[in-house]
2 protein chains.
Amino acid sequence: MLDPSPARTVARATGAARQSTVRESNLGLALATICAAPSPPSRATVAAEAGITRSTASRLVDELVGSGLVDEGVARLAGPGRPATPLLPAARVCALGLQVNAAHVAVRMINLRGEVLAESRSEPDLVGSHPDEGLQLLAGHVRRVLDQGPAGARLLGAGLALPGVVDAAGTRLLKAPNLGWTEVDPRAGLAPVLAGIPLSVANEANLAAHAFAQPTPGRRSAHAHFVYLSGEIGIGGAVVTDHQVQEGSHGFAGEIGHVTYLPGGDPCPCGSSGCLERYAGRLAMTTRAGLPPSTTLVELGRLARHGHEGSSRALALAAEALGVVLSGAINLLDLPTVVLGGEIGDLAEDLAPVLTQTLQERVMASPWMTIQVTRDRDDVAGATGAALRQLSQVVQNPSAYVAA
Amino acid sequence: MLDPSPARTVARATGAARQSTVRESNLGLALATICAAPSPPSRATVAAEAGITRSTASRLVDELVGSGLVDEGVARLAGPGRPATPLLPAARVCALGLQVNAAHVAVRMINLRGEVLAESRSEPDLVGSHPDEGLQLLAGHVRRVLDQGPAGARLLGAGLALPGVVDAAGTRLLKAPNLGWTEVDPRAGLAPVLAGIPLSVANEANLAAHAFAQPTPGRRSAHAHFVYLSGEIGIGGAVVTDHQVQEGSHGFAGEIGHVTYLPGGDPCPCGSSGCLERYAGRLAMTTRAGLPPSTTLVELGRLARHGHEGSSRALALAAEALGVVLSGAINLLDLPTVVLGGEIGDLAEDLAPVLTQTLQERVMASPWMTIQVTRDRDDVAGATGAALRQLSQVVQNPSAYVAA
DNA sequence: CCTGTTCGTTGCGTGCCAAAACTATCGGCA
DNA sequence: TGCCGATAGTTTTGGCACGCAACGAACAGG
């Protein structure tokens, strides 16, 4: 158990730089600049924004336009001097985002501009279901979205968001307690409808957090560091530092629902006890409030505001539990923002007072920092994030796309 | 409290690449390769290891030798073919690491090879002391180390490790509960003895974790992802992902001692209650065991092994508390290794059974990962890390040094 | 119609690395 | 002793990226 050996050492993995590296880096910078711009920039604006000369920017943009990653607008940008050609991320370059959780199945097609080109969704009850059921439902949505989508669309890839532990390679779901799925490889079942589009799987909350950190491809939100909490029947989470989702060494990071709130508390199907999910998960809250398990959190919040005792108690306990666990994350990682997403986002305003109070008390550095509690309004954030992550990879390194 | 505004966006901060960027990057790569090599490499070995051509490697190494960052060995490397000149990180390029905590004051001079050139330390009791007392003691050690150190030493900088919350700029200690210091700027007091050497301040556990992740400048340990726990009177910590210490958005990250173990538990001077430190800190453990506060943890461990009831109970409770809090960190961040440093490292073998068991039970992904508990044997790891961090900056970007 | 302004392009120079040829210096072997 | 193979390190040539500066293009306003 205890490893007495001194740490062995390994060489550093950073690669050598060459001229082509400069090109690749600047090509990515140019594309990211165009994607991040609040309004379509000209070549000159890209140059100024990116800190390169106009000649170089022009060469880079020409290459991006040539490869189809950037569109040139038709209307010229007026003003004194020669009118400029506006540049926009390509509308036809897009990716699919898929999502299955216990209450939502959704598929979105999103393009490089961050526009949703097509969408299909349903709200089945997949608690304790067989994987095939959910995957077939999902396949139907994929078909509809592919039909709805524009004809000339160029699909880069697809991502699937699942509420559970996914292996490091992004191929297999190991365990999704609330769906009741174990060891599922969704790629085989979806391959027919995806028609050759590569699919990568990831944890739903991690993808939702990605979408919150980078709301459109290449654009970074004002929140660089935050802890994301995705509350449905269970609770998932993610830690984002410097706009990047922390994946951990195997890709298992983000299981905040199974962080202990109360040692020796309610036993949890995961094998532990006192997990946050047993106090702030939907099922736990409705049960505690004496409501039927199908009650939504919106409904529970409404009842609490109208004086329903059980709901109020359940809410207060959830807020306390969230405060204790989130303060732990903040103490450990100095995260100034808490984002409530998924269904629990609907309770944000009800939870905020107790939650904020608890955070103030329990975060050691609270006198020197302000902690913000905010919410994510995207109700299929997992699907959004799954598509955006595919697109981000291209923005990061357009050379790979240009070559292909 | 609740922020309703949608996330505003900011442009990406990555800079433009040019030819000089390639040079800088490869110069850093060459130096890092030399530093990370298990035995002094030749120019040809550097080229092979770094993935660049011999001609380029030669030019880079020549520049490093010329600037004094790399030494050429005198003895040739024998074997078939032309003998090679061995390359070593410069022995005379070094940095100072300073440390003050409640029980240890230490100063180390470490060079680019990771060798300790000089050291001076003492073990005063600074609990509730005045900052001037500790800083004057420290200044004495600095003087002694500067005297002891080799004559031609080229000092790059100095780092100071403190057991508390340090501001983002690395200039001021905001709060160190166990020393009883608040709002201290150590740079003014130390400026006379440091004679122009720039000083940067940081949290002790963060620096200790840095030293564990990168045991000598430019070399990376086998542990890329881990949570570090530095246990003295209080408990500090750090999270390391991909060999990098997580600093957080203000540099406050790592306050694992004030993560809640038991909501509503023992009140803590930090204003919260049930903090880990109240169960696994030295003071908490000795008090609980019915021993005088000056008892060391080694002593407590010895007593527990010899059947002392109170000590055994205190140990078991500490292990349980550590297990609960660390499992939370692992669930959140997927960290396969726990490192026990500082005085609590002496208890590693006593804590490991219960700790490992608790981690197995409480970490959701434990069936798919092995969690290793190990220890850091450096008893002034804060000072070591403070010096190493200074040196790492040069290895990262030698161009800045070459120019100066 | 002229002028000032900004956009975008073109040609040239510089700096860096890759590739390959070349030189230096060993060990081994007849 | 002298030759050969092997490896280290250097030199030369070429290619490719960007910066710089000058130029042409296309507008707005007087």
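Described in the following lines is the structure provided in the data block.

## Regarding the overall build of chain A
Part 1 of the reasoning: Of regular secondary structure, chain A possesses 13 helices and 18 strands.
Part 2 of the reasoning: Taking 404 residues into account, the globule formula puts the C-alpha radius of gyration at 22 Å, and chain A, at 23 Å, falls close to it.
Part 3 of the reasoning: Judged by the C-alpha coordinates and their principal axes, chain A covers about 70 × 55 × 50 Å.
Part 4 of the reasoning: Taking the contacts inside chain A whose residues are at least 6 apart along the sequence as the reference set, 63% of them involve residues at least 24 apart.
Part 5 of the reasoning: When the accessible area of chain A is evaluated, it comes to approximately 15,300 Å², of which 52% is carbon and sulfur surface.

## A word on the sheet that holds strand S8 (residues 154-162) of chain B
Residue and element names in this part refer to chain B.
Part 1 of the reasoning: Spatially, five strands are ordered S7-S6-S5-S8-S12 in an open sheet, and the strand pairing comes out mixed. The open sheet has two edge strands with one neighbour each: strand S7 (116-122) and strand S12 (199-203). Strand-to-strand twist of the sheet, defined as the mean angle between neighbouring strand axes without regard to direction, takes the value 15°.
Part 2 of the reasoning: Relative to S12, S8 is paired through five bridges, and the arrangement is parallel. When the sheet's bridge partners are listed, Leu 160 is paired in S12 with Val 201.

## So, the interface of chain B and chain A
Part 1 of the reasoning: Each partner contributes residues to the interface: chain B has 84 residues there, and chain A has 84 residues.
Part 2 of the reasoning: Here chain B and chain A share an interface that buries about 7,300 Å² over both sides, 63% of which is from carbon and sulfur atoms.
Part 3 of the reasoning: Counting the contacts that link chain B with chain A gives zero salt bridges.
Part 4 of the reasoning: Counting the contacts that link chain B with chain A gives 25 residue pairs in polar contact (both at pLDDT 80 or more).
Part 5 of the reasoning: Of the residues that constitute the side of chain B that touches chain A, the class distribution is 39 nonpolar, 29 polar and 16 charged.

## Topic: the protein's contact with DNA strand C
Part 1 of the reasoning: Near DNA strand C there are 26 residues, and of these Gln 19, Ser 58, Gly 81, Arg 82 and Thr 85 of chain A occur at the shortest range.
Part 2 of the reasoning: What you see for DNA strand C is that sugar and phosphate hold 66% of its atoms within 4 Å of the protein.
Part 3 of the reasoning: At 2.9 Å, a side-chain N or O of Arg 54 of chain A approaches a base oxygen of DNA strand C.
Part 4 of the reasoning: Put simply, the parts of the chain that give the surface near DNA strand C at least two residues each are helix H2 (43-50) and helix H3 (54-67) of chain A together with helix H1 (19-36) and helix H3 (54-67) of chain B.
Part 5 of the reasoning: In terms of residue count, H1 of chain B provides more of the surface near DNA strand C than any other element does, four residues in total.

## So, the sheet that holds strand S6 (residues 105-111) of chain A
Residue and element names in this part refer to chain A.
Part 1 of the reasoning: Here five strands make up an open sheet; going across it, the order is S7-S6-S5-S8-S12 and the pairing mixed. The open sheet is flanked by strand S7 (116-122) and strand S12 (199-203), the only strands paired with a single partner. On average, adjacent strands in this sheet sit at an angle of 15° to one another, irrespective of strand direction.
Part 2 of the reasoning: Against the sheet, helix H12 (residues 381-396) makes contact with strand S5 (93-100), S6, strand S8 (154-162) and S12, and its axis sits at roughly 145° relative to S5, the strand it touches most.

## What to know about the relation of the copies chain B and chain A
Part 1 of the reasoning: Relative to chain A, chain B is turned by 180° and slid 0.0 Å along the rotation axis, the superposed coordinates differing by an RMSD of 0.1 Å. Both copies of the chain, as the preceding transformation shows, are related through a two-fold rotation axis. Minimal C-alpha separation from the rotation axis in chain B is found for Leu 262 of chain B, amounting to 3.2 Å.

## Quick notes on the protein's contact with DNA strand D
Part 1 of the reasoning: For DNA strand D, the set of nearby residues contains 27 residues, the closest of which are Gln 19 of chain A together with Gln 19, Arg 54, Ser 58 and Arg 82 of chain B.
Part 2 of the reasoning: By atom count, sugar and phosphate contribute 57% of the portion of DNA strand D lying within 4 Å of the protein.
Part 3 of the reasoning: With respect to DNA strand D, the side chain of Arg 23 of chain A contributes an N or O atom lying 2.7 Å from a phosphate oxygen.
Part 4 of the reasoning: In this structure, Thr 85 of chain B approaches DNA strand D through a main-chain N or O atom, which is 2.8 Å from a phosphate oxygen.
Part 5 of the reasoning: When contributions to the surface near DNA strand D are tallied by element, the ones reaching two or more residues are helix H1 (19-36) and H3 of chain A together with helix H2 (43-50) and H3 of chain B.

## Concerning the packing of aromatic side chains
Part 1 of the reasoning: Tallied over the entire structure, the rule returns six aromatic pairs over all chains.
Part 2 of the reasoning: Put simply, the rings of Phe 212, Phe 226 and Tyr 228 of chain A touch in pairs and so form one group of aromatic residues.

## With respect to the side chain of Glu 255 of chain A
Part 1 of the reasoning: Checked against the element boundaries, Glu 255 of chain A lands in the loop between strand S16 (244-245) and helix H7 (277-280).
Part 2 of the reasoning: It turns out Glu 255 of chain A is buried and unbridged, and the closest side chain with the opposite charge, Lys 175 of chain A, is 9.3 Å from it.
Part 3 of the reasoning: Filtering out sequence-adjacent residues up to four positions away, Glu 255 of chain A remains in contact with Gly 164, Val 165 and Asn 203 of chain A together with Asn 331, Leu 332 and Met 364 of chain B.

## So, the side chain of Gln 246 of chain A
Part 1 of the reasoning: Structurally, the position occupied by Gln 246 of chain A is in the loop between S16 and H7.
Part 2 of the reasoning: Assessed through its relative accessible area of 12%, Gln 246 of chain A is described here as buried.
Part 3 of the reasoning: Separated by 2.7 Å, the side chains of Gln 246 of chain A and Thr 241 of chain A make a polar contact.
Part 4 of the reasoning: In this structure Gln 246 of chain A touches Asn 206, Val 239, Thr 241 and Ala 253 of chain A together with Thr 241, Gln 246 and Leu 333 of chain B, once residues within four positions along its chain are discounted.

## Concerning the pattern of salt bridges
Residue and element names in this part refer to chain A.
Part 1 of the reasoning: Evaluated as defined, the whole model comprises 32 salt bridges over all chains.
Part 2 of the reasoning: For the salt bridge of Arg 121 with Glu 119, the shortest nitrogen-to-oxygen distance reads 3.3 Å.
Part 3 of the reasoning: Residues Arg 313 and Glu 309 are paired through a salt bridge, measuring 3.6 Å at the closest nitrogen-oxygen approach. Here Arg 313 pairs with Glu 309, and both are found in helix H10 (residues 309-333), just four residues apart, close to one helical turn.
Part 4 of the reasoning: By relative accessible area, which is 53% here, Arg 313 ends up exposed.
Part 5 of the reasoning: On the accessibility criterion, Glu 309 (55% relative accessible area) is exposed.
Part 6 of the reasoning: Within the structure, one salt-bridge network assembled from shared partners comprises Arg 108, Glu 119, Arg 121, Asp 378 and Asp 379.

## Topic: the nonpolar core
Part 1 of the reasoning: With 101 residues, the main nonpolar core has Ile 256 of chain A together with Ile 256 of chain B as its most contacted residues.
Part 2 of the reasoning: With near-sequence residues (within four places) excluded, Ile 256 of chain B lies in contact with Leu 332 of chain A together with Val 227, Leu 229, Ile 235, Gly 236, Gly 237, Leu 276, Val 325 and Leu 326 of chain B.

## What to know about the pairing of strand S14 (residues 226-231) of chain B
Residue and element names in this part refer to chain B.
Part 1 of the reasoning: With six of six residues buried, S14 lies mostly within the body of the structure.
Part 2 of the reasoning: For S14 and strand S15 (residues 235-241), the ladder comprises six bridges, and the chain directions are antiparallel. Across the sheet, Tyr 228 pairs through a bridge with Ala 238, a residue of S15.
Part 3 of the reasoning: Remark: three residues form the turn of the hairpin made by S14 and S15, two consecutive strands paired antiparallel.

## Let's talk about the environment of Phe 226 of chain A
Part 1 of the reasoning: Among the structural elements, Phe 226 of chain A can be located in strand S14 (residues 226-231).
Part 2 of the reasoning: For Phe 226 of chain A and Asp 379 of chain A, which are 153 residues apart along the polypeptide, the C-alpha to C-alpha distance reads 19 Å.

## Topic: H2 of chain A
Residue and element names in this part refer to chain A.
Part 1 of the reasoning: Of the residues making up H2, those classed as buried are Arg 43, Val 46, Ala 47 and Ala 50. Relative to the axis of H2, the buried residues are bounded by an arc of 100° and lie together on one face. Those residues of H2 that are exposed and angled more than 90 degrees off the buried face are Ala 48 and Glu 49.
Part 2 of the reasoning: Considering only its buried residues, H2 is in contact with H1, H3, strand S3 (70-72) and strand S4 (87-89).
Part 3 of the reasoning: Immediately beyond the C-terminal end of H2, within one or two residues, lies Gly 51, with a positive phi of roughly 80°.

Cut-offs used in this document
Along every chain, residues carry numbers that run from 1 in the direction the sequence is written. A letter from A marks each chain and a number from 1 marks each ligand, given out in the order of writing. Predicted model: local features are reported for residues with pLDDT of at least 70 only, side-chain atom pairs are reported and counted for 80 or more only, and whole-chain, interface and lining totals are derived from all residues. Calculated side-chain values reflect all of the structure's heavy atoms, with hydrogen atoms and water omitted. Working definition: helices are DSSP H or I runs of at least four residues, strands are E runs of at least two. Numbering for both runs from the N terminus. For this measure, only C-alpha atoms enter the radius of gyration; the expected value for a globule follows 2.2 Å times N^0.38, where N is the number of residues. Two residues qualify as a contact provided that any one of their heavy atoms is within 4.5 Å of a heavy atom in the partner residue. Surface exposure here means Shrake-Rupley accessible area, sampled with a 1.4 Å probe, where a residue is shielded only by the protein chains that are shown. Strands are treated as partners if at least two bridges between them are detected by DSSP. Only the contacting stretch of a helix is used when fitting its axis, a line to C-alpha atoms as for every element, and angles between N-to-C directions run 0 to 180 degrees. Two parts placed together each lose some accessible area; with a 1.4 Å probe, that loss summed over both constitutes the buried area. The working definition used for a salt bridge is a side-chain nitrogen of Lys or Arg within 4 Å of a carboxyl oxygen of Asp or Glu. A 3.5 Å cut-off defines polar contacts: any pair of N or O atoms within that distance qualifies, except that in protein one atom must be a possible hydrogen donor and the other a possible acceptor, and neighbouring residues in sequence count only when both atoms are side-chain atoms. Each residue is assigned to one class: nonpolar for Ala, Val, Leu, Ile, Met, Phe, Trp, Tyr, Cys and Pro, charged for Asp, Glu, Lys and Arg, and polar for all the others, Gly among them. Any residue with a heavy atom positioned within 4 Å of a molecule or strand is treated as near that molecule or strand. The atoms used to superpose the copies are C-alpha atoms, taken from residues with pLDDT of at least 70 in both, and the fit is least squares. Ring pairs are drawn from Phe, Tyr and Trp, using the six-membered ring of Trp, whenever the two centres fall within 6.5 Å, and their geometry is named by plane angle: stacked under 30 degrees, edge-to-face over 60, tilted for the rest. The rule is simple: take the accessible area with a 1.4 Å probe, protein chains only, and divide by the maximum for that residue type; under 20% is buried, over 50% is exposed, in between is partly exposed. Counted as positive: Lys and Arg. Counted as negative: Asp and Glu, with His and the chain ends omitted from the count. Within this scheme, the nonpolar core is defined by two criteria: the residues are buried Ala, Val, Leu, Ile, Met, Phe, Trp, Tyr or Cys, and they are joined through side-chain atoms within 4.5 Å. It is the directions from the helix axis to the C-beta atoms whose arc is reported.

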